[in-house]
Structure formats: C-alpha cells, structure tokens
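Chain and residue survey
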Amino acid sequence: MCRNHATVRSLLAELVGTSRGPIVADMEAGLENFSRGTPRHVDTLLVVMEPYFRSLETAGRAFELGRELGIPKIAAVANKVRNDEDAQAIRDFCGARAIPISGWIPYDEGVLAAERAGRALLDQPGPSGAAVAAISKLADSLGAA
Amino acid sequence: MRIAVAGKGGVGKTTISGSLARLLSRRAGGALAVDGDSNPNLAVALGLPQKEAMNLPTVPRDVMERRFDAAGEERLMLALTPEEIADRYGIDAPDGVRLLVLGRVGHAGTG
C-alpha cells in the first residue's frame, strides 16, 4: 500500500472525526482516500452521477464501497439532467440498487459559463440559475436530516 | 453534518462540493471544506481567485504521528487538533468556509 495514500486517508478520517460544524469533503473519484476509519465519522456519502454509462459505473462502485464501509447515509445526486430520458436512466439505475436520490440538478449553461470564467457557480452574475436552486434545495434537505 | 462527495471526474462533483460547502456555511455560520482530490479545483469552485488556487498551502504530513490507541494498536493520529490545523493550514473562502487541502499525493509507488 502506498504510504502517501495511507497518510491522506488517516488524516481525512481524523479531521472529519473531530471537527465541529458542517464538513464537505471532495473525494477522489474512486474513493481511494477513504480508510476503514473514515465512515465512523462521515455520516453522509453523496455520489454525483450523470446519466451515462461510465459515470453510472463509477457511481455503482462508490455505492458498493460506501456500503462496505458502513456509511450510514448514502445517496445519489443526479447532475446535468437534460430531459425525461436522463431522469429515467438515473431512476432506473438507482431503483435497481435501492439507492435513494437526494438531489436533482438540471443541466444549466450557467455552470459552464462559471467554469469558463474560473468563477464559483454561486458568484456567477446574472439570474440565479437552476443548478444553484437545486443545490440549495439539496443543502436544505441535508440540514433537515 | 459530515459529508463526503464522490463521483467520476467531470460529473460536477467539485462544483457541487464547493457550492454545497458555501450554502451550508451560510446556514451554519461556518463550514470546513476538505479537498481530498489531488487538484486545486475545489478552491476555484469555492470562489478563490485562480492564481491563489494554484498556490495553496497544503496540510503537511507531519501533522500525523504514530501513537497507540486504547486497544494497543499503532495508529496514525493527529498531532494537532483539527481547529489548529484549520487555523494554520486552512485558507479563508467566501461565506465563512475554511478550506483545507490535503497534501498532493505523489507518484504511485513512492510509498
């Protein structure tokens, strides 16, 4: 096992375990830096997915790992959803695996515009986008949990 | 509330993490964002200028030390409290978020 990875994992587990207040940890795609100790401290794993095969496949593995690790709440966040077909693909995938869906974020040009400008989505000028509204709703639902 | 966000690269994981951290921070009066991915994108997603995001301090490895836990097992544990770590190595981001970037992982196999 790579020692660097082991250190990052331990650090993450210890940090998350002892801090107060909300913590949001942006993980490596494959959850490489989760240790067995991490789920004692992480209460929620959100797996972001787009409705296409490779994204769903990675998401499926993240769910399995999250379950193996015993994380109490594991939920999907559907992103870049353009239409009913997209939504149905996500529903089918999650339904087959009994994965709850916590957030639906529509495809939003504002996200691309913010990325192009190197700006935070929340700082993107102009009318507040559909994506921001959806993430805000997600934040509310997490707060209520 | 301790949330880990995962997903394939490019799905919007970091944009969602950054936005979520700020929105939760507004509600709770502060939040900690942890960049566990080895790239500086979370800083940009939180709203730090790109130039600053490219040169962020990282949490050094020596904040972990080997100790024996109650069961007598040797474990890597924090040498500082998370608050001390956030104070020393964190960066202020908008909406009261404190950002911690975990050390970049070097080449695979260096360990």
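Every chain begins its residue count from 1, and numbering advances along the sequence as written. By the order in which they are written, chains take letters starting at A while ligands take numbers starting at 1. Owing to the predicted nature of the model, reporting of local features is limited to residues with pLDDT of at least 70; listing and counting of side-chain atom pairs is limited to 80 or more, with chain, interface and lining totals taken over all residues. Note: side-chain values were computed over all heavy atoms of the structure, leaving out hydrogens and water.

Moving on, we come to the overall build of chain A. A run of H or I in DSSP counts as a helix once it spans at least four residues, and a run of E counts as a strand once it spans at least two, with each numbered from the N terminus. On a plain count of helices and strands, chain A comes out with 5 helices and 4 strands. For chain A, the succession of helices and strands along the chain, N to C, is α-β-β-α-β-α-β-α-α. Contacts spanning at least 24 positions in sequence make up 65% of the contacts within chain A whose residues lie at least 6 apart. Reported accessibility uses the Shrake-Rupley method at a 1.4 Å probe radius. Residues are deemed covered only where the shown protein chains occlude them. When the accessible surface of chain A is totalled, it reaches about 6800 Å², and 50% of it is carbon and sulfur. We call two residues in contact whenever any of their non-hydrogen atoms come within 4.5 Å of each other.

Right, let's get into the overall build of chain B. Within chain B one finds 4 helices and 6 strands. Ordered by position from the N terminus, the helices and strands of chain B form the series β-α-β-α-α-β-β-α-β-β. When the 111 residues of chain B are sorted by exposure, 50% land in the buried category. In chain B, the share of contacts with a sequence separation of at least 24, taken over all contacts with a separation of at least 6, comes to 54%. Accessible surface, chain B: about 5000 Å² in total, of which carbon and sulfur atoms supply 48%. Partly exposed residues are those whose accessible area sits between 20% and 50% of the maximum for their type, while under 20% is buried and over 50% is exposed, using a 1.4 Å probe and protein chains only.

This part takes up the interface of chain B and chain A. The partner chain A presents 61 residues to the 61 residues of chain B that form the contact. Here, a salt bridge means any Lys or Arg side-chain nitrogen found within 4 Å of an Asp or Glu carboxyl oxygen. The tally of links from chain B across to chain A stands at 3 salt bridges. The shortest N-O distance in the salt bridge between Lys13(B) and Asp26(A) comes to 3.3 Å. Under this definition, polar contacts are N or O atom pairs within 3.5 Å; protein pairs additionally need one hydrogen-donor-capable and one acceptor-capable atom, and for neighbouring residues in sequence, both atoms have to be side-chain atoms. Counting across the chain B and chain A interface gives 25 residue pairs in polar contact (both at pLDDT 80 or more). Going through the elements one at a time, β1 (2–6), α1 (13–28), β2 (31–35), α2 (41–46), β4 (74–78) and α4 (82–89) of chain B are the ones with two or more residues in the side of chain B that touches chain A. Looking at the side of chain B that touches chain A element by element, the count peaks at 14 residues for α1(B). The pairing criterion for strands is at least two bridges between them, as found by DSSP. In terms of strand pairing, strand β1 (residues 23–26) of chain A meets β2(B) through 4 bridges, oriented parallel.

For the rest of this paragraph, the subject is the sheet that holds strand β6 (residues 97–101) of chain B. The 8 strands lie next to each other as β4(A)-β3(A)-β2(A)-β1(B)-β1(A)-β2(B)-β6(B)-β5(B), forming an open sheet whose pairing is mixed. The open sheet terminates on both sides in strands that have one partner only, identified here as β4 (101–106) of chain A together with β5 (91–93) of chain B. The mean inter-strand angle of the sheet, taken between neighbouring strand axes irrespective of direction, is 25°. Here helix α2 (residues 53–69) of chain A sits on the sheet and contacts β2 (44–49) and β3 (73–81) of chain A; the angle it forms with β2(A), its principal contact strand, is near 170°. Convention adopted: a line fitted to C-alpha atoms gives each axis, helices being fitted over their contacting stretch, and angles between N-to-C directions are expressed from 0 to 180 degrees.

Moving on, we come to the packing of aromatic side chains. Stacked, tilted and edge-to-face pairs are distinguished by plane angle, under 30 degrees for stacked and over 60 for edge-to-face with tilted covering the rest, among Phe, Tyr and Trp rings (Trp via its six-membered ring) whose centres lie within 6.5 Å. Applying the stated criterion across every chain yields a total of 0 aromatic pairs over all chains. Note on criteria: charge over ring means Lys NZ or Arg CZ within 6 Å of the ring centre, with the direction from the centre no more than 35 degrees off the ring normal. We note Arg82(A) situated over the ring of Tyr107(A); from NZ or CZ to the ring centre the distance is 3.9 Å.

We now examine the environment of Glu84(B). All names here are of chain B. Inspection of the secondary structure assignment puts Glu-84 in helix α4. Given the relative accessible area of 34%, Glu-84 is considered partly exposed. Side-chain polar atoms of Glu-84 contact the backbone nitrogen of Thr-81, separated by 2.9 Å.

A few words now on the pattern of salt bridges. Within the structure shown, the criterion is met by 9 salt bridges over all chains. One salt bridge connects Arg22(B) with Asp95(B), and the closest N-O pair in it is separated by 2.8 Å. Taken together, the residues Arg22(B) in helix α1 and Asp95(B) in the loop between β5 and β6 connect sequence positions 73 residues apart. Residue class for Arg22(B) comes out buried when judged on its relative accessible area of 3%. Put simply, Asp95(B) and Arg26(B) hold a salt bridge, and the shortest N to O gap is 3.0 Å. Taken together, the residues span a long stretch of sequence, with Asp95(B) in the loop between β5 and β6 and Arg26(B) in helix α1 at a distance of 69 residues. Residue class for Arg26(B) comes out partly exposed when judged on its relative accessible area of 47%. One salt-bridge network, held together by shared partners, links Asp123(A), Arg22(B), Arg26(B) and Asp95(B).

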